[in-house]
Amino acid sequence: MLLIITITDVMINRLITREMKIRSVIACLLIAGASLGECVGVLTNGAPSSFIFLHQIAKVVEFCCAPAIGFAVARAYGHVKRPKLAGVVIIFHAVFECVGACFQWVFYIDSQNIYHRTNGYLIYVIMFVISLVYAIVCVIRSGKEYQTGVDIMLVLTFLMTIIGITIQFVNSNIRIDFLCISISNMLLYSHYSKMVLQVDAITRLLNRRCYDINIGSIGSHAVILFFDVNQFKQVNDVYGHSVGDMCLKKVAEQLRHVYGKSGSCYRIGGDEFCVILNRNFDKLEQLNQQFQERIREEQKKDPRMPGIALGYAHYDASVSHLQHIIEEADKMMYHNKKAAIET
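Residues numbered from 1 in each chain as written. Predicted model: local features only at pLDDT ≥ 70, side-chain atom pairs only at ≥ 80, totals over all residues. Heavy atoms only, no water.

Novice: Can you lay out unusual backbone geometry for me, pointing to particular residues and giving the numbers?
Specialist: Both trends apply: most residues other than glycine have a negative phi, and most peptide bonds are in trans. Of note, the phi angle at Asn 113 is positive, near 65 degrees, even though the residue is not glycine. You can call Asn 113 buried: its relative accessible area is 0%. Located in the positive-phi region is Asn 280, a residue other than glycine, with phi close to 60 degrees. Topologically, Asn 280 is positioned in the loop between strand E5 (272-277) and helix H11 (284-301). On the basis of relative accessibility, which here comes to 29%, the residue Asn 280 falls in the partly exposed class. (Buried < 20%, exposed > 50% of the residue type's maximum accessible area, 1.4 Å probe, protein only. Helix = DSSP H or I, 4+ residues; strand = E, 2+ residues; numbered from the N terminus.)

See the structure below:
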């Protein structure tokens, strides 16, 4: 029922893409398959010999689906660098389990219809652990991409999963592993949906709503930087909005690359961006120079890429008012924008 609720919520969610919906549903179906295989295996264990084949099929389904769950969760809610390689590993393991069932590599069902593990069971355990670690790494990587980092929600979710699976291996009569995985999957889906609400759809930077909230809660020291794309309307008019969107993505990519480790990056308007630095203030000039150099490199690759006007101001709560700093940074940015257009 928990998985049905999750799938229903996924399908009616208008904030996520169709691709993400498909990946989320696949993760839910794999959890359901593993859980169903485990349940059927328990119910048929020791049953009349006529149920031996069903018992064997149930265990194969469980052992094929379980290691695939972590990879499916990683694809649904994480940032996967080599999805094809992960897919090949999962397929290879599924083939191993199917063939292994015939040759008793992983388990066997005796004539009394009793389930027994063999030495190959260790391979299944290793694959399961690898898939879990893989999911954790990919979800954390996704959090960094969305500039949310590793929050307590992720830590508690994965901790619950690890505890549940550990209990399963310590005492196999207590079967709560796939229940914990189902709950963790639902919590990760909720966490991913929350991240989607915080970012701009085109650039994947934090959106204006996040900026409005965060600008009022910055620390006692910060640097506020504003960026504006020069003659962006002309880019849209001459080359089309698809090229304009491409330019915005390139700007966002460079902002995240240069300033992402020192603060938060936002898209606050059509062609307007903001960065709030909360550390590495002594490297500000170096960061600004690096950003402009990377933009010039993009312009060399594609002449349609416009320049970027930049303005900034230092905020010190003890000597300045936040609104005055915002106006100062904004004024500097428009001054540089006007100068760039005139030249």
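Novice: Kindly report on the side chain of Asp 200, identifying the contributing residues and their values.
Specialist: Relative to the elements of secondary structure, Asp 200 occurs in the loop between helix H7 (177-198) and helix H8 (208-214). Here Thr 203 takes part through its side chain, which lies 2.7 Å from a polar atom of the side chain of Asp 200. Other than its neighbours up to four places away in sequence, Asp 200 contacts Leu 205, Leu 206, Asn 207 and Arg 267. (Polar contact = N/O pair within 3.5 Å; in protein donor to acceptor, adjacent residues only side chain to side chain. Contact = heavy atoms within 4.5 Å.)

Novice: Talk me through the environment of Lys 250; I want residue IDs and the actual numbers.
Specialist: Mapped onto the fold, Lys 250 is located in helix H10 (residues 241-259). Here the alpha-carbon distance between Lys 250 and Leu 188, two residues 62 residues apart in the chain, equals 29 Å.

Novice: Can you tell me about the pairing of strand E6 (residues 308-316), naming the residues and giving the values?
Specialist: The buried count for E6 comes to 7 of 9 residues, which makes it a mostly enclosed element. In terms of strand pairing, strand E3 (residues 221-229) meets E6 through 9 bridges, oriented antiparallel. Bridging from a neighbouring strand, His 221 pairs with Asp 316 of E6. (Pairing = 2+ DSSP bridges.)

Novice: Residue-level account of helix H4 (residues 83-103), with values.
Specialist: Taking 1.5 Å of rise per residue, 21 residues should cover 30 Å, and H4 covers 30 Å from first to last C-alpha, within 8% of that figure. Looking at H4, one finds that the buried residues are Ala 86, Ile 90, His 93, Phe 96, Glu 97, Gly 100 and Ala 101. The buried residues of H4 occupy one face: seen down the axis, they fall within an arc of 130 degrees. Within H4, the exposed residues directed more than 90 degrees away from the buried face are Lys 84, Val 88, Ile 91, Phe 92, Cys 102 and Phe 103. Backbone geometry just after H4 places Gln 104 at a positive phi near 60 degrees. (Expected span 1.5 Å × (residues − 1). Arc of directions from axis to C-beta.)

Novice: I'd like to hear about the sheet that holds E5, residue by residue, with values.
Specialist: Within the open sheet, the 4 strands sit side by side as E4-E5-E3-E6. Their pairing is antiparallel. Each of the sheet's edge strands pairs with one partner strand only, and the pair in question is strand E4 (263-267) and E6. Each strand of the sheet is rotated relative to its neighbour by a mean of 15 degrees, with strand direction disregarded. Relative to E5, E3 runs antiparallel, the two sharing 6 bridges. The residue bridging Phe 227 from the neighbouring strand is Phe 273, located in E5. (Axes fitted to C-alpha atoms, helices over the stretch in contact; angles between N-to-C directions.)

Novice: I'd like a rundown of the pattern of salt bridges, residues and numbers included.
Specialist: Evaluation of the coordinates by the stated rule reveals 7 salt bridges. For the salt bridge of Lys 59 with Glu 62, the shortest nitrogen-to-oxygen distance reads 2.8 Å. Separated by 3 residues within a single helix, Lys 59 and Glu 62 lie in helix H3 (residues 52-77), roughly one turn from each other. A relative accessible area of 6% places Lys 59 in the buried class. (Salt bridge = Lys/Arg side-chain N within 4 Å of Asp/Glu carboxyl O.)

Novice: How would you explain the side chain of Asp 228 if you had to name every residue and give the values?
Specialist: With respect to the secondary-structure elements, Asp 228 resides in strand E3. Classification of Asp 228 as buried rests on a relative accessible area of 3%. Asp 228 has contacts with Asp 271, Glu 272, Gly 307, Ile 308, Ala 309, Met 333, Tyr 334 and Lys 337, leaving out every residue within four places of it along the chain.

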